[in-house]
Number of protein chains: 4
Amino acid sequence: MPTHILLIDCPDETGLVHRITGVLCRHDCNIVANSEFVDRDKGHFFMRTEFSGEIDAGAIEREVRAVLPGGSAIRMADDVPRRVVVLATTEPHCLGDLLIRHEYGELNSKIVAVISNHAELGGLVGKFGLPFHHVSHEGLDRAAHEAAVLETLGRYAPEYIVLAKYMRVLSPAFVEKYPQRIINIHHSFLPAFAGAGPYRQAFERGVKIIGATAHYVNAGLDTGPIIAQDVISVNHSHTAADMALAGRDVEKIVLARALKLVFEERVFLSGNRTIIFE
Amino acid sequence: MPTHILLIDCPDETGLVHRITGVLCRHDCNIVANSEFVDRDKGHFFMRTEFSGEIDAGAIEREVRAVLPGGSAIRMADDVPRRVVVLATTEPHCLGDLLIRHEYGELNSKIVAVISNHAELGGLVGKFGLPFHHVSHEGLDRAAHEAAVLETLGRYAPEYIVLAKYMRVLSPAFVEKYPQRIINIHHSFLPAFAGAGPYRQAFERGVKIIGATAHYVNAGLDTGPIIAQDVISVNHSHTAADMALAGRDVEKIVLARALKLVFEERVFLSGNRTIIFE
Amino acid sequence: MPTHILLIDCPDETGLVHRITGVLCRHDCNIVANSEFVDRDKGHFFMRTEFSGEIDAGAIEREVRAVLPGGSAIRMADDVPRRVVVLATTEPHCLGDLLIRHEYGELNSKIVAVISNHAELGGLVGKFGLPFHHVSHEGLDRAAHEAAVLETLGRYAPEYIVLAKYMRVLSPAFVEKYPQRIINIHHSFLPAFAGAGPYRQAFERGVKIIGATAHYVNAGLDTGPIIAQDVISVNHSHTAADMALAGRDVEKIVLARALKLVFEERVFLSGNRTIIFE
Amino acid sequence: MPTHILLIDCPDETGLVHRITGVLCRHDCNIVANSEFVDRDKGHFFMRTEFSGEIDAGAIEREVRAVLPGGSAIRMADDVPRRVVVLATTEPHCLGDLLIRHEYGELNSKIVAVISNHAELGGLVGKFGLPFHHVSHEGLDRAAHEAAVLETLGRYAPEYIVLAKYMRVLSPAFVEKYPQRIINIHHSFLPAFAGAGPYRQAFERGVKIIGATAHYVNAGLDTGPIIAQDVISVNHSHTAADMALAGRDVEKIVLARALKLVFEERVFLSGNRTIIFE
């Protein structure tokens, strides 16, 4: 039986759950999972309901809309794999991890292509029979390079773009083309050490724990809404290079965890914060 | 405004949430938090709803009962501090941590007495102005000692008994007097190293991580439903004594976390497993 | 038998360990633990050796100095409890935790007094029979208040000052009086969220993990060398106030862990980083 | 310059470090890292020294032997990649992770072949251009199947055998052929849930944390010396199948961490415990 996911994001008021579940009852939906959250500061309500059955999704969406206040966002999602393009540079660990997971259907996604500003990772991608595009930045200014990347992306009509250690900062103009659809893994425990060389920064500050952060990309530098974070311990014997090596595992795991949450429609945005129903 | 907690535990069927929230709507309850879980294997439904307001608790309970299937357990709890007696032996770290938290109102509980089979901790308890009872086991068999402890306990009519490193095994007969109301902290990551000397066992097995487990006490030895667990890393340089020292912090934190969950009515039992709404 | 700790911090060169251990051999020291670290970037050597026995500490120190290069720092420490004054404001959890540990001799220290700019914690300190000084900042500018605190501190000749949620920033002039002898617990995962209101900052940034950092206080704001850090997970349901509550446990554990390391002479400073021999 | 690793494991006595470092000084070794540990219960000394240079390894080994007590084990290792055969069954996550790491030279090892009792993983191994042997157990008793596996193994003369989710128990006779050279990843936090179905066992016990354990294989069932362990949190909403899914990441990371330690010669055995110099 197909799975459906109902996503609601609306001003809070009394009786919402009762009214929404009333619609689902009338349609005899078999609810598999249900989560709600009320942001009391903002008076806002979030709900994710997963149900199975041969239902009339359009009718449910219409009826739910009818019982909600104005300004509600309602969306019915299915569990068809999301179309994804991965951007990378030269480091293989995050990309390799995604390719293995993808090969075995782990992330509810279909990687339709990999784009890199370097050629090195082409061999790895080729092993998995996926298109690889080397879009070099050599001799191009940022705008020209981004135009070339956007052109290649456009051919694949991706729902999501995953930056798997893509080492170039995207311009706001680029990000605007794929709002809330670009996910980056940053190799630090944000907001500490945003920008370049986070392990070097971490080493110099003498921290005892390093981390990785998966986040939506917005117009700022490493300032987008955080989806997942994790950390590992380090000590005085770790050079910046040792930290980079040790950090690889946490980077790839955090990125995969974030993608799983996004592709399973578990993440809502509330300003610059995420509401996540695990 | 007073806070009320509605706790429901019943056979699963379609429409439960809709019907239950219907009752709450009619009573104009201001829902603060709401959590549901369906155990699909057992076809069982669990729900915890926290709401505030000057409501008629009895009426709500009756009306909710009327919309639920037979065999439902329904309970209205309030947030009045739980009456607690702490049992300890000689180690001060868990007891001391509870006394500090209690002094500052952290755990939604009122410690009405401390009982120990040794005298050592009397001074610590006295600092906080609480009754301390030294019920020695010297010269008594287990049954006689338990009878003496039960007699002292009985005077305080506790809702919960907390074993804060109480180093004597309770008999099934004792446990039956306070079913699902005795909470123990065991100094291992159960089910590894149940019984005596867990750090010695952990040392001999050469584990790289040790832990602590807070659980309800049942008739078996360290086999009751687990409420909370946590771990810390150790290495070859830790002797069993070093592990015991390092383990103290995780023991006291895990015990306090479990008590907070229980006293805030966040824990359901489902066979030997716990359903916890955090 | 008394325990001695030899601490060496010197330019690196070939044969240091051989020469140093030669001196210890001649004195028949019974080495209990030995750790070395070479910072290759700076060409610097650090060594901590713990040994027991009735030895002539002065002679060993002299002989070790004779086999080391110029510019070496050599120190013999014993395990006599360190004299400590604790500064706090109104929050009891870190102070309470230290008082319990101190009562049971856990931290190789003797708390000789507690000073606060508020009166609230006097009752707690009094339970443990320790001097409490309320040095109010009301009506005083920072310099005048610090002078009053310094005057009180001076009476106790502390080796270390512990800031157990002391909510006032110390001036560089104050810090200079106790260089590398003031230890603070900051309620964030530094360098993220330095300064005031770290939980509010963390909430607004939408992080998924919060932490605590124990560090030496230097002239900057939360910029001193980090001794210990730890983290806990949070999610969208945590308000800033919830984070503050959840963070208490990690704050008190991290502070205690750092103090144990410092008071057992396990921490070397190397610029703004710490070398820690656990 | 080549790197050399001197590994010493001998009865403890005064002056060992002084004498050993004396030999290294005379040979002008450039020590890169040095670690010692004394197991005081057993009176045993362990030392790992890593140094670089064009040295006469044989002479150093002889001279070190001459200054050590009888019964010493001395070994000079180099950093030539270890020859490894991986055994797997059908799950791809650990094997896939090793293949990616191997492709990029991460683990100081050379995977010379993969053997499986099923055919499924052949395609994955083929992508990386490595030999894959399907040695089916169908229609064979354990002894006959093991003989077939041993025959295939023998052709590759591996230094180490890695069980990357190989789901068959090896007989003591098999293990004896490769003593302390077989490394397994077990999908539980050993010693909890040894044997079959650990996630099912974990689910039934209602634990709040699950883990993975990498260990040397000995004649018992999941009883060999533990090299690395790690854990993740679970809750009541995780079925046994969910735990298995969530556990994959920790399994592959723990296995890789253990292999890195072993292949860099950082692990000593002391009875059933490991001494690990990280």
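Residues numbered from 1 in each chain as written. Chains lettered and ligands numbered in written order. Predicted model: local features only at pLDDT ≥ 70, side-chain atom pairs only at ≥ 80, totals over all residues. Heavy atoms only, no water.

(A) Just the packing of helix α1 (residues 16-26) of chain C against helix α2 (residues 57-67) of chain C, in detail. Residues and elements named next belong to chain C. Two elements in contact, α1 and α2, have axes whose closest approach is 9 Å; the angle formed by their N-to-C orientations is 150 degrees. Between α1 and α2, the crossing angle belongs to the class labelled roughly antiparallel. Relative to α2, α1 is oriented so that their crossing is right-handed. Every residue of α2 that contacts α1 at Arg19, Ile20, Val23, Leu24 and Arg26 is listed here: Ile60, Glu63, Val64 and Val67. When grouped by side-chain class, the residues that make up the contact of α1 with α2 number six nonpolar, no polar and three charged. (Axes fitted to C-alpha atoms, helices over the stretch in contact; angles between N-to-C directions. Helix = DSSP H or I, 4+ residues; strand = E, 2+ residues; numbered from the N terminus. Parallel < 35°, antiparallel > 145°, perpendicular 65-115°, else oblique. Left-handed = near helix turned anticlockwise from the far one by under 90°. Contact = heavy atoms within 4.5 Å. Nonpolar A, V, L, I, M, F, W, Y, C, P; charged D, E, K, R; others polar.)

(B) Local environment of the relation of the copies chain D and chain B. Superposition of chain D onto chain B requires a rotation of 180 degrees combined with a translation of 0.0 Å along the rotation axis, giving an RMSD of 0.0 Å. Here the two chains are linked by the operation of a two-fold rotation axis. Minimal C-alpha distance to the rotation axis in chain D is attained by alanine 192 of chain D, lying at 2.4 Å. Taken together, the interface assignments show that 100% of the residues at the interface of chain D recur at the interface of chain B, consistent with an identical surface on both copies. (Least-squares fit on C-alpha atoms with pLDDT ≥ 70 in both.)

(C) Focus on the sheet that holds strand β4 (residues 73-78) of chain A. Residue and element names in this part refer to chain A. Strand order in the open sheet formed by four strands is β2-β3-β1-β4, with antiparallel pairing between adjacent strands. Edge positions in the sheet fall to β2 (30-39) and β4, since each has one partner strand and no second. Looking at each pair of strands side by side, their axes are set apart by 10 degrees on average, direction ignored. Inspection of the sheet shows strand β1 (residues 3-11) paired to β4 by six bridges, in the antiparallel sense. From the neighbouring strand, isoleucine 5 faces β4, where its bridge partner is alanine 77. Lying over the sheet, helix α1 (residues 16-26) contacts β1, β2 and β3 (44-52), oriented at roughly 25 degrees with respect to β3. Sitting on the sheet, helix α2 (residues 57-67) is in contact with β1, β3 and β4, with an inclination near 160 degrees to β4. (Pairing = 2+ DSSP bridges.)

(D) Geometry of the interface of chain D and chain B. Contacts between chain D and chain B engage 32 residues on the former and 32 residues on the latter. Roughly 2,700 Å² of surface becomes buried between chain D and chain B when both sides are summed, with 59% attributable to carbon and sulfur atoms. Ranking the residues of chain D by area buried against chain B places Arg205, His236 and Arg273 of chain D at the top, with a combined share of 29%. For the pair chain D and chain B, the interface holds zero salt bridges. Put simply, chain D and chain B have 14 residue pairs in polar contact (both at pLDDT 80 or more) between them. Within the residue set of the side of chain D that touches chain B, elements represented by two or more residues are α7 (198-205), β11 (226-233) and β13 (273-276) of chain D. At six residues, β11 of chain D tops the list of elements feeding residues into the side of chain D that touches chain B. (Buried area = accessible area lost by both parts, 1.4 Å probe. Salt bridge = Lys/Arg side-chain N within 4 Å of Asp/Glu carboxyl O. Polar contact = N/O pair within 3.5 Å; in protein donor to acceptor, adjacent residues only side chain to side chain.)

(E) Representation of unusual backbone geometry within the structure. A cis geometry characterises the amide bond from leucine 190 of chain A onward to proline 191 of chain A, with omega recorded as 10 degrees. Within the fold, proline 191 of chain A resides in the loop between β9 (182-186) and α7 (198-205). The phi dihedral of glutamate 265 of chain C falls on the positive side, at around 60 degrees, and the residue is not glycine. Of note, glutamate 265 of chain C is situated in the loop between α8 (240-263) and β12 (267-270). Residue classification places glutamate 265 of chain C among the buried positions, given a relative accessible area of 8%. (Buried < 20%, exposed > 50% of the residue type's maximum accessible area, 1.4 Å probe, protein only.)

(F) Expanded view of the environment of cysteine 29 of chain A. Within the fold, cysteine 29 of chain A resides in the loop between α1 and β2. With a relative accessible area of 5%, cysteine 29 of chain A lands in the buried category. With 181 residues separating them in the primary sequence, cysteine 29 of chain A and isoleucine 210 of chain A have C-alpha atoms 45 Å apart. When neighbours within four sequence positions are excluded, cysteine 29 of chain A is seen to be in contact with Leu24, Phe51, Ile55 and Ile60 of chain A together with Thr14 of chain B.

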